[in-house]
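Single-letter residue listing:
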Amino acid sequence: MSSPAMAARLLRRFSSAASSPPCSQPWLFIGLGNPGEKYKHTRHNVGFDMIDAFARSQGIPMTTVHCKALFGEGMVEGVPLLLAKPQTYMNLSGESTGPLAAYYKLPLNRVLVMYDDTDLPCGVLRLQPKGGHARHNGLKNVIYHFRGNREFSRLRIGIGRPPGQMDPKAFLLQPFNKTARERIDSAVEESVDILRTVLLQGLTEAARLYNTEQKYKHLRVEKAPCDF
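Being a predicted model, the structure only gives us computed values, none of them experimental.

Chemist: Mind showing me how you'd approach the overall build of the protein chain here?
Modeler: When its secondary structure is counted, the protein chain shows seven helices and seven strands. Secondary structure elements of the protein chain occur, N-terminal to C-terminal, as α-β-α-β-β-β-α-β-β-α-β-α-α-α. For the protein chain, buried positions account for 51% of its 228 residues. Accessible area of the protein chain: about 10800 Å², with a carbon and sulfur share of 54%.

Printed below as a string of structure tokens:
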């Protein structure tokens, strides 16, 4: 678990960067999901999947608990980075994300939140500089704890809509079928490249490079939803 010494060390490391020019400010990447084996790899936990994949790709351990989140820190080609997976359960995600951003004195344009989206087809990614919560309760709570400020970036991953009359809550908390899981796994790997581009070239350039490609992927997968 986190300790006062660990927290002080992290704050010293990043507080000087936070007051530096934007190119050297740390980024905070946050993946939304529910903690525990029961929810692992369910539709609602793809934000966790994206954080885990990026942490593995950069060799960043996610073994510390800080501000109610599993937490990791590192550098990617000289860019300081914080990674977090809130352990508050999805609908209270802001109880972790709000204090994290405040602790490191980060402007919200250096915060990126990853989460599932039923409005996007299965496996389609979309990078945005800001927006609303679109009925996503986890994101709604994040915005609440950012005092209503929506000026943070998001990386959404499509999970499709529930089939037929299926309860949306049940849909979110169930695992993907085999075909959909393969599509999601592929998208999660693509997200690693997108996140590296955000760090090294900026959000605007990353969105320009990847959103058009994802738009055409939409045309390829729109008839193959993440249902049963």
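There is more to say, and it comes next.
Chemist: Can you help me understand unusual backbone geometry in this one?
Modeler: Generally, phi is negative for residues other than glycine and the peptide bonds are trans, each holding for most cases. Look at His41: it is not a glycine, yet its phi comes out positive at around 65 degrees. Summarising the element assignment, His41 is placed in the loop between strand E1 (27-31) and helix H2 (46-58). For His41, a relative accessible area of 40% translates into the label partly exposed. The phi dihedral of Tyr89 is positive, around 75 degrees, even though this residue is not glycine. Mapped onto the secondary structure, Tyr89 falls in the loop between strand E4 (79-86) and helix H3 (94-103). The class for Tyr89 is partly exposed, based on a relative accessible area of 44%.

Chemist: For this particular structure, what's the right way to read the pairing of E4?
Modeler: Looking along a regular strand, one sees side chains alternate from face to face of the sheet. Of all the eight residues making up E4, eight are buried; the element is thus mostly covered by neighbouring parts of the structure. Across four bridges, E1 lies against E4 in parallel orientation. Paired with Ile30 across the strands is Ala84, a residue of E4. Here strand E3 (residues 69-76) folds back onto E4 in antiparallel fashion, the turn holding two residues, of which Glu77 has a positive phi close to 50 degrees.

Analysis parameters
Residues numbered from 1 in each chain as written. Predicted model: local features only at pLDDT ≥ 70, side-chain atom pairs only at ≥ 80, totals over all residues. Heavy atoms only, no water. Helix = DSSP H or I, 4+ residues; strand = E, 2+ residues; numbered from the N terminus. Buried < 20%, exposed > 50% of the residue type's maximum accessible area, 1.4 Å probe, protein only. Areas by Shrake-Rupley, 256 points an atom, 1.4 Å probe, with all protein chains shown as cover. Pairing = 2+ DSSP bridges.

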